[in-house]
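# Coordinates in review
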Amino acid sequence: MRRLLAWIYRNANLRNLVIAIMVIIPLNALAFPLMASHFRDLSGGVSPLDVQFAYPPAEALRIVGNYSSPARNFYLLIEWTADLLYPATYATLFALLLALILKTAVAEDHPFRSFALLPYLMMVADYTENISISLLLLLYSSGILAAIAATASFLKWLFGGLIILALILSIIQMVRALLHREPARKDL
């Protein structure tokens, strides 16, 4: 974790943040809306599991069991293309954003610096959910996989909420730090 944290802070600059934003925009603005629309057509209007907030395992099994074969195949295509790149992209984006704010807000040894790791915890939960859903789509009826997917989904959204909280706290801390800095002295 220390090496990842060091990497985040070493790479936390405006250029890398802009690159991460430029990678995520086409995914959010083009790829996912087009894929979601086509999936809804194939699934009879049912949303994919991984965009739903906290679902019980039995509901996951019911939903996956009701998907048509073309819907399952297209969902797998989504999981192993755009959704393979997306968690790493948003995790890097939010980690860099948090690190940039925290560089200004707190000293290098401050515990808040660890907030920059939260997006990667969300990413791990998201990948766990994606793998579980993929296996569910292939096997149709596994209670264990449904429970793993449901738990990972809950954790993904929990970490998302914690990231928002960390951003708010970091911005508050940054504003406090900027307001309490001593002005540069002018030698006469």
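Now for a look at the structure at hand. Given the structure is predicted, the values throughout are model-derived calculations rather than measurements.

### A short note on the overall build of the chain
Check the secondary structure of the chain and you find seven helices and zero strands. Along the chain, helices (α) and strands (β) appear in the sequence α-α-α-α-α-α-α when read from the amino end. Considering only C-alpha atoms, the chain reaches an extent of 80 × 30 × 25 Å along its principal axes. Across the 188 residues of the chain, 41% fall into the buried class. Once local pairs closer than 6 in sequence are excluded, the contacts in the chain between residues at least 24 apart make up 80%. A total of about 10,700 Å² of accessible surface is found on the chain, and carbon and sulfur atoms cover 69% of it. For the chain, the distance from the average site of its 14 positive side-chain charges to the average site of its 11 negative ones is 8 Å.

### Considerations on the environment of Phe115
Tracing the chain through its elements places Phe115 in the loop between α5 (82-105) and α6 (118-139). Its relative accessible area of 19% is what places Phe115 among the buried residues. Note: C-alpha distance between Phe115 and Ile164 (49 residues apart in sequence) is 10 Å.

### A short note on the layout of surface pockets
Gaps left between atoms show up when a probe the size of a water molecule is rolled over them. There is about 560 Å³ of room inside the largest pocket. Lining the largest pocket we find 25 residues, and of these Asp50, Val51, Tyr86, Lys156 and Trp157 sit closest to its centre. For the lining of the largest pocket, the secondary structure elements donating two or more residues are α2 (14-43), α4 (69-79), α5, α6 and α7 (143-179). Across the lining of the largest pocket, the residue classes break down as 15 nonpolar, four polar and six charged.

### A few points about the side chain of Ser132
By secondary structure assignment, the location of Ser132 is in helix α6. Apart from residues no more than four positions distant in its own chain, Ser132 is found in contact with Leu145, Ile148 and Ala149.

### Observations regarding the side chain of Asn16
The topology assignment puts Asn16 in helix α2. Look at Asn16 and you get buried, because its relative accessible area is 14%. Within polar-contact distance, the side chain of Asn16 engages the side chain of Arg15 at 3.5 Å. Ignoring any residue separated from it by four or fewer positions in sequence, one finds Asn16 in contact with Asn11 and Leu96.

The rules behind each value
- Residues numbered from 1 in each chain as written.
- Predicted model: local features only at pLDDT ≥ 70, side-chain atom pairs only at ≥ 80, totals over all residues.
- Heavy atoms only, no water.
- Helix = DSSP H or I, 4+ residues; strand = E, 2+ residues; numbered from the N terminus.
- Buried < 20%, exposed > 50% of the residue type's maximum accessible area, 1.4 Å probe, protein only.
- Contact = heavy atoms within 4.5 Å.
- Areas by Shrake-Rupley, 256 points an atom, 1.4 Å probe, with all protein chains shown as cover.
- Lys, Arg positive; Asp, Glu negative; His and termini not counted.
- Charge placed at Lys NZ, Arg CZ, Asp CG, Glu CD.
- 1 Å grid on protein atoms, 1.4 Å probe; cavity = no way out; pocket = protein on both sides within 12 Å on 5 of 7 lines; lining within 4 Å.
- Points joined across faces, edges and corners; volume = space filled by probe spheres on them.
- Nonpolar A, V, L, I, M, F, W, Y, C, P; charged D, E, K, R; others polar.
- Polar contact = N/O pair within 3.5 Å; in protein donor to acceptor, adjacent residues only side chain to side chain.

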